[in-house]
Amino acid sequence: MKILAIGLAAVLAAIAALYLAFWHQPQSEAQMSMNAAWNEFAAEIGEMGALVENAPFNDDEQSAAEGYRHMARFLATFLASQTDYRDPDYPQFTRFPNSVARIGWDNPDNPYLSFHVRGDHVYRLRGNIANFDLVTINVYSGMLGLTPVADIRTISSLASDDLEVDEHGDFVLTLSEAAPSAGNWLALAPDAFIVVVRRVVSDWQKKETGVWEVLNLTTLGTGAPRVAPQSVKHMIKDAAHQARRLREMLTLVHRLDFQLKLDANEISVPETGDPELPMADPFQATSRGAFKLEGGEALIVEAPVPNCVYTNIQLANPWMESLDYASHQSSLNHHTAQVNADGLVRYVVSLEDPGVQNWLDTAGHREGSLFMRWTRCEAYPEAVSTKLIKLETLREHLPADTNFVSPSERKRIIGERQAAISRRF
């Protein structure tokens, strides 16, 4: 027995030695601080489930599933943004929103670009406006969910019709505090944080977007340093905080608009700007509404057609994600929608395809929201009307010149949308 005990002790000692040699990693006080930052991040992720569980529109298992997917998309997007795309010294474009990470009625006609800046540096942005209806470039002092809403301001804005471009539509833009001696310029300020480029395209069949490039001329040609530990702590903390705070804000917007201000199947009066979403495009007027439909029902949305550079309408789920606009005709714009001879445009929102050109597909959602935009108009519309009807009576409520499409034509249209979104992303 003594020999056996000695042998067992030797084996245990050998295992302990192997563990210490290969697996045990003594932790310094600084390393323990990093570990604590990660554990705090993980704990906050766990607490985010309550934002889905307690949402006022989380009515069933399907809603919950989409809510948790929504939060997972937020986290994936903001983690990537914070860890890889937030360095103003060496900026990179990030494409958010995009066809997967969708947020707050993101525009299906808008291949967004953004990059981070600091006010005391000089940046050069190259791009092309040839195949876009409108390009707007806005400098903001903060980011929704990351910066208190009261602290977010638009520092400067520029639209494509204000840019000097060459015969191909190419432009070069300087972003700095001091104006250059010549050329396109957009002002920065000490609190400049992010630049958002909105590139509106109504014809999805236009395939060329041109060359887009952003460089920090202050750091150009120098190597980026290794990431600082303190920076990583802030990155993961900010990613979790942004996901949580943005979801809280969007839930508040839902409560204010669709539970207090508006009834189901009603739409707001168009207004320029958006006090509830301070990073909204300043060049447009918007209306928002909610739909609540049963099978066999349709909501007709009727609007005037002012002289604008661009108009659109889109549907979103209760989480305010735009619907799957590649595989469903859940959005239309002035290029794809029919205007009737009386000068009005009429959209038909329904679960089932009624065969009209201006159908807005709810993608299986019986409840959701809708959003309308009018951009760079001579005069903005003063009202939009809605009418809830039985789908079987639809033809009685539409003008005689309404365009109808066959199932095969609808399939072709959806195929073209899917191909266009595949090219875009």
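Each remark here, short or long, concerns the structure printed above.
Below is a summary of the structure that appears in this document. It should be emphasised that the depicted structure is a prediction, and the values quoted were computed from it without experimental measurement.

Here the focus is the overall build of the protein chain. Within the protein chain, the secondary structure is distributed over 6 helices and 17 strands. Judged by the C-alpha coordinates and their principal axes, the protein chain covers about 100 × 65 × 40 Å. Considering the protein chain as a whole, with its 425 residues, one finds that 49% of them fall into the buried category. A sequence separation of at least 24 residues applies to 77% of the contacts in the protein chain between residues at least 6 apart. Surface accessibility of the protein chain: about 20500 Å² in total, with carbon and sulfur atoms responsible for 55%. Taking the 37 positively charged and 54 negatively charged side chains of the protein chain as two groups, their mean positions are separated by 5 Å.

To continue, consider helix α6 (residues 407-424). The terminal C-alpha atoms of α6 lie 26 Å apart, and with 18 residues this matches the ideal 26 Å at 1.5 Å per residue to within 8%. The set of residues buried in α6 consists of Arg410, Ile413, Ile414, Arg417, Ala420, Ile421 and Arg424. The arc enclosing the buried residues of α6, seen along the axis, measures out at 120 degrees, which places them on a common side. Along α6, exposed side chains directed more than 90 degrees from the buried face belong to Ser408, Lys411 and Ser422. For α6, the secondary structure elements touched by its buried residues are β13 (331-333) and β15 (359-361).

A few words on empty space enclosed by the protein. In the structure shown here, the tally under the stated rule is 2 cavities of 30 Å³ or more. Estimated volume of the largest cavity: approximately 630 Å³. Around the largest cavity, the lining comprises 37 residues; the ones closest to its centre are Pro97, Tyr112, Leu144, Arg198 and Met279. Counting only elements with at least two residues in the lining of the largest cavity, the list comes to α4 (61-84), β1 (113-116), β7 (194-200), α5 (229-261), β10 (284-292) and β16 (367-377). Partitioning the lining of the largest cavity into residue classes produces 19 nonpolar, 13 polar and 5 charged. Counted as a void, the second largest cavity has a volume near 60 Å³. What lines the second largest cavity is simply Gln338, Asn340, Arg346, Val348, Val356, Gln357, Asn358, Leu398, Thr402 and Asn403. Tallied by class, residues from the lining of the second largest cavity come to 3 nonpolar, 6 polar and 1 charged.

Attention now goes to unusual backbone geometry. Here the bond from Phe96 into Pro97 is cis, since omega is 0 degrees, no more than 30 degrees from zero. Inspection of the secondary structure puts Pro97 in the loop between α4 and β1. Positioned with a positive phi, Asn265 is a non-glycine residue whose angle comes to about 65 degrees. Residue Asn265 is classed as buried on the basis of its relative accessible area of 12%. In this structure, Ala363 takes a positive phi of about 55 degrees despite not being glycine. Of note, Ala363 is situated in the loop between β15 and β16.

With that settled, consider the packing of helix α2 (residues 29-47) against α5. Close contact between α2 and α5 brings their axes to 10 Å; oriented N to C, the two are set at 10 degrees. With respect to α5, the element α2 is oriented roughly parallel. Listed contacts from α5 to Ser33, Met34, Ala37, Trp38, Glu40, Phe41 and Glu44 of α2 are Pro229, Val232, Lys233, Ile236, Lys237, Ala240, His241 and Arg244. Classifying every residue of the contact of α2 with α5 by side-chain character gives 8 nonpolar, 2 polar and 5 charged.

Turning to the sheet that holds β7, a few remarks are in order. Strand order in the open sheet formed by 4 strands is β1-β7-β3-β4, with antiparallel pairing between adjacent strands. In this open sheet, the two edge strands, each paired with only one partner strand, are β1 and β4 (154-159). For this sheet, the mean inter-axis angle between neighbouring strands, taken without regard to orientation, is 15 degrees. Where strand β3 (residues 134-140) and β7 come together, 7 bridges link them in antiparallel fashion. The residue bridging Leu134 from the neighbouring strand is Val200, located in β7.

Rules behind the numbers
- Residues numbered from 1 in each chain as written.
- Predicted model: local features only at pLDDT ≥ 70, side-chain atom pairs only at ≥ 80, totals over all residues.
- Heavy atoms only, no water.
- Helix = DSSP H or I, 4+ residues; strand = E, 2+ residues; numbered from the N terminus.
- Buried < 20%, exposed > 50% of the residue type's maximum accessible area, 1.4 Å probe, protein only.
- Contact = heavy atoms within 4.5 Å.
- Areas by Shrake-Rupley, 256 points an atom, 1.4 Å probe, with all protein chains shown as cover.
- Lys, Arg positive; Asp, Glu negative; His and termini not counted.
- Charge placed at Lys NZ, Arg CZ, Asp CG, Glu CD.
- Expected span 1.5 Å × (residues − 1).
- Arc of directions from axis to C-beta.
- 1 Å grid on protein atoms, 1.4 Å probe; cavity = no way out; pocket = protein on both sides within 12 Å on 5 of 7 lines; lining within 4 Å.
- Points joined across faces, edges and corners; volume = space filled by probe spheres on them.
- Nonpolar A, V, L, I, M, F, W, Y, C, P; charged D, E, K, R; others polar.
- Axes fitted to C-alpha atoms, helices over the stretch in contact; angles between N-to-C directions.
- Parallel < 35°, antiparallel > 145°, perpendicular 65-115°, else oblique.
- Pairing = 2+ DSSP bridges.

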